[in-house]
Each structure stands twice: as C-alpha cells, then as structure tokens.
Amino acid sequence: MTTVGVLALQGDVREHAAAASALGAQVTLVRHPSELDAVDAMILPGGESTTIDKLLRAFDLRDPLMDRIREGMPVLGSCAGMILLATDLVDGIEGQHTLEAIPMTVRRNAFGRQVDSSEVDLTWLPDGSPMQATFIRAPWVESYGDDVEVLATAVAADGVEHAVAVQYGTCLATAFHPEISDEPRVHQRLLDLI
Ligand code: GLN
C-alpha cells in the first residue's frame, strides 16, 4: 500500500491527510527524520512558510527531506508548501530557507496584497477541465525554469496572468489549497507519480 507522509510541523495538516486518505492512500504524519523512511511521497501543507522553514531546521528535517526529493520521492506543496519547494523567493523574510526543489521564483503573499482569501475558477491545464481554487494569502510563480510544466494559471487584479500550479519532475506545487476545497485532482496526480 502507498504511504503518503504529511509534514506535520504547522499548517493545515489534517485537511491534507484527509484528502490523501480519501483517495485510498495510507497517511502518516511526519515530524522526525526517521519517519521519512516509511513514506513513498510527501505533502507540505499550507500554513506559514517562515515558521515551517524554522521548524524543519530545528527538527533536523530539512536535509533528509531535500535528499529524498532529490532522489525522486514525489512531493506536493500547497501555498506555504509551494514557497518551501521554490529555489528562489521574492518577499521572503531575512534568513528564510527553502528546500530548493523546483527551479522557480515564488512571490510570497502575492495575491494576499489584493485580497486575503478568494475562490477562483481556473482551468486545470492537464485535461482542460474547470477547477475551483481557494487562495489564502497566496503566492504566485513569478518565473520558472524551462523544464517546469505549468498546470494552472490565474489572472491577478493587475490583469497579469501568473502560474499558480506547476510540476517539475516528481515535484508538484499549487499556490491554492486543493485540500480545503474538496478537489481530488491534485492529490491524485501526486499518487499517480508514486
Ligand atoms: N503567506 C503564507 C506564507 O508565506 C502562505 C499562506 C498559506 O499557506 N495559506 O507562508
């Protein structure tokens, strides 16, 4: 059976655990490096990326997690999780680290400057179907490397279209929260990568 780990340091851990369980995965919460050994994939929840970053380092999880991701373990990050997967940040705080998994620059709190929280109708580009996405003080992808596939875009209040869901190898990241809008396609894509 497939075991999906949810990073359980801070953020909407329960919602991600429920979303992965609903698709038939066995879910385990990860707080310690040894718990990583048992997982086939990882989810990095939404929350506050600066706090999660500090806790990742305090719990000695950052390096082993980076190693597993580099070795090809599938990973999904939503919102703060997307920020954690980026190689570069705009509006990060002084000394904020990331897991440097996806070659992209992510702007923190990008949509948050306009509206704190919103529901947006997107197109899920892998199959062209509509998707309703929940954004909460969300980042967007400002720029990305050649091998990064854009899975969804959203138009900001300034009329500019930004990537809000991306895939790079076995790494998936969304600026929105599929875990709180009863949206199975993103978690299913993670399971399909295992
Ligand atoms: N603004 C948060 C951060 O920088 C992310 C918000 C979220 O995960 N809903 O971490």
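In case you missed it, the structure is sitting above this.
The model shown is predicted, which means the values in this text are computed figures rather than measured ones.

Rules of the game
- Residues numbered from 1 in each chain as written.
- Predicted model: local features only at pLDDT ≥ 70, side-chain atom pairs only at ≥ 80, totals over all residues.
- Heavy atoms only, no water.
- Near = heavy atom within 4 Å.
- Polar contact = N/O pair within 3.5 Å; in protein donor to acceptor, adjacent residues only side chain to side chain.
- Areas by Shrake-Rupley, 256 points an atom, 1.4 Å probe, with all protein chains shown as cover.
- Nonpolar A, V, L, I, M, F, W, Y, C, P; charged D, E, K, R; others polar.
- Salt bridge = Lys/Arg side-chain N within 4 Å of Asp/Glu carboxyl O.
- Helix = DSSP H or I, 4+ residues; strand = E, 2+ residues; numbered from the N terminus.
- Buried < 20%, exposed > 50% of the residue type's maximum accessible area, 1.4 Å probe, protein only.
- Contact = heavy atoms within 4.5 Å.
- Core = buried A, V, L, I, M, F, W, Y, C linked by side-chain atoms within 4.5 Å.
- Pairing = 2+ DSSP bridges.
- Right-handed = clockwise from strand over helix to strand, strands pointing away.
- Arc of directions from axis to C-beta.
- Phe/Tyr/Trp six-rings, centres within 6.5 Å; stacked < 30°, edge-to-face > 60°.

Student: I'm lost on the site of the ligand in this one. Help?
Tutor: Taken together, Gly46, Gly47, Glu48, Ser49, Cys79, Ala80, Ile83, Arg108, Asn109, Ile136, Arg137 and His177 make up the full set of residues near the ligand. Backbone polar atom of Gly47 to an oxygen atom of the ligand: 2.9 Å apart, as the coordinates give it. A distance of 2.8 Å separates an oxygen atom of the ligand from a polar side-chain atom of Arg108. Here the ligand, which alone exposes 300 Å², has 95% of that area covered by the protein. Here the residues of the shell around the ligand are counted per class, giving four nonpolar, five polar and three charged.

Student: Before we go on, may I ask you to explain the pattern of salt bridges in this structure?
Tutor: A pair can form between side chains of opposite charge whenever their charged atoms are brought close. This model, assessed by the stated rule, comprises eight salt bridges. Where Asp53 meets Arg57, a salt bridge forms, and the shortest distance between an N and an O atom there is 2.7 Å. Remark: Arg57 and Asp53 occur in helix 2 (residues 49–58); sequence separation between them is four residues, near one turn of the helix. The class of Asp53 is buried, set by a relative accessible area of 3%. On the basis of relative accessibility, which here comes to 31%, the residue Arg57 falls in the partly exposed class.

Student: What exactly am I supposed to notice about the side chain of Ser78 here?
Tutor: By secondary structure assignment, the location of Ser78 is in strand 4 (residues 75–78). Other than its neighbours up to four places away in sequence, Ser78 contacts His16, Leu44, Pro45, Gly46, Thr174, Phe176, His177, Pro178 and Glu179.

Student: Any chance you could explain unusual backbone geometry here in plain terms?
Tutor: Peptide bonds are mostly trans, and most non-glycine residues show a negative phi. Its identity as a non-glycine residue notwithstanding, Asn109 has a phi of 50°, on the positive side. Take Asn109: it is sitting in the loop between strand 6 (102–107) and strand 7 (117–124). Positive phi outside glycine occurs at Asp182, with the angle close to 55°. Positionally, Asp182 belongs in the loop between strand 12 (171–174) and helix 5 (184–192).

Student: Please clarify how the nonpolar core should be interpreted in this entry.
Tutor: Most often, soluble globular proteins have nonpolar side chains that are buried together. With 65 residues, the main nonpolar core has Phe135 and Val166 as its most contacted residues. A total of five residues in this core trace back to one element, the largest contributor, which is helix 4 (residues 80–85). Non-local contacts of Val166, meaning those with residues more than four positions away in its chain, are made with Met82, Ile102, Met104, Val141, Val148, Glu149, Val150, Leu151, Cys171, Leu172 and Ala173.

Student: How do you make sense of the pairing of strand 2 (residues 26–30) when you look at a structure like this?
Tutor: Consecutive residues of a regular strand have side chains that alternate between opposite faces of the sheet. In the sheet, strand 1 (residues 3–7) pairs with strand 2 via five bridges, with the strands oriented parallel. When the bridges of strand 2 are listed, Leu7 appears paired with Val30. For the segment spanning strand 1, helix 1 (residues 13–22) and strand 2, crossover handedness is right-handed.

Student: When you look at helix 3 (residues 62–70) in this model, what are you seeing that I'm missing?
Tutor: Each full turn of the α-helix corresponds to 3.6 residues, which orients residues three or four apart in the same direction. For helix 3, the complete set of buried residues consists of Arg62, Leu65, Met66 and Ile69. Along the axis of helix 3, the buried residues cluster in a sector spanning 100°; they form a single face. Positive phi appears at Gly72, one or two residues downstream of helix 3, with a value of about 105°.

Student: What exactly am I supposed to notice about the packing of aromatic side chains here?
Tutor: Both the distance between ring centres and the angle between the ring planes are used here to describe each pair of aromatic rings. Inspection of the entire model under this criterion finds three aromatic pairs. Between Phe111 and Trp140, the ring centres sit 5.0 Å apart and the planes meet at 85°, which makes this aromatic pair edge-to-face. One end of the pair, Phe111, is in the loop between strand 6 and strand 7; the other, Trp140, is in strand 9 (residues 140–144), and 29 residues separate them in sequence. A relative accessible area of 8% places Phe111 in the buried class. Here Trp140 falls in the buried class, since its relative accessible area comes to 6%. The structure contains a cluster of three or more aromatic residues connected by ring pairs, namely Phe111, Phe135, Trp140 and Phe176.

Student: Explain the environment of Pro139 here, please?
Tutor: Tracing the chain through its elements places Pro139 in the loop between strand 8 (129–136) and strand 9. Pro139 has contacts with Cys79, Met82, Ile83, Val106, Arg107, Arg108, Asn109, Ala110, Phe111 and Ala175, leaving out every residue within four places of it along the chain.

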